[in-house]
Amino acid sequence: MSTQSVSFQNDIMPLFNQYKANMIWRFDITNYEVVKDNAQMIYDRISNQGDSGYMPPPPFDPFTPQQIAMFKAWMDEGFPP
Ligand code: HEM
């Protein structure tokens, strides 16, 4: 059993995949290096619900507190692939 609680392949990529087509104009949110390099900006967008720049935007449901915490944990754990 892995000691890592969050990984890009198992947790982040499957969550972001459904939004890929809407964000590919800017960057590929299913690409590990791209998400890692833009992680703080992505975290700011997904965590500030109610802000005009919130992602994913309406009519999509906002991420749950658990999903947002998972992304933060992935950052804090050093971006496990
Ligand atoms: C996991 C889902 C998503 C993430 C992590 C995400 C992330 C981001 C980030 C980080 C930016 C800022 C880019 C910059 O400043 O250069 C952005 C902008 C934008 N995103 Fe997303 N996005 C997601 C889903 C979506 C969806 C589903 C749509 C449309 C249906 C969308 C439409 C846009 C648009 C139009 C902008 C430019 C306007 C703005 O900066 O607010 N995004 N997104």
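Because the structure is predicted, anything quoted here is derived from the model rather than measured.

About the thresholds
- Residues numbered from 1 in each chain as written.
- Predicted model: local features only at pLDDT ≥ 70, side-chain atom pairs only at ≥ 80, totals over all residues.
- Heavy atoms only, no water.
- Near = heavy atom within 4 Å.
- Polar contact = N/O pair within 3.5 Å; in protein donor to acceptor, adjacent residues only side chain to side chain.
- Helix = DSSP H or I, 4+ residues; strand = E, 2+ residues; numbered from the N terminus.
- Nonpolar A, V, L, I, M, F, W, Y, C, P; charged D, E, K, R; others polar.

Draft legend 1. Looking closely at the site of the ligand. Neighbouring the ligand are 17 residues, the closest being Met-23, Trp-25, Arg-26, Arg-45 and Met-55. One of the side-chain N or O atoms of Arg-26 is found 2.5 Å from an oxygen atom in the ligand. Arg-45 has a polar side-chain atom sitting 2.9 Å from an oxygen atom of the ligand. When residues of the shell around the ligand are traced back to their parent elements, those giving at least two are helix H2 (20–23) and helix H4 (39–47). Sort the elements by how many residues they give to the shell around the ligand and H4 lands first, with four residues. Residue composition of the shell around the ligand, by class: 14 nonpolar, one polar and two charged.

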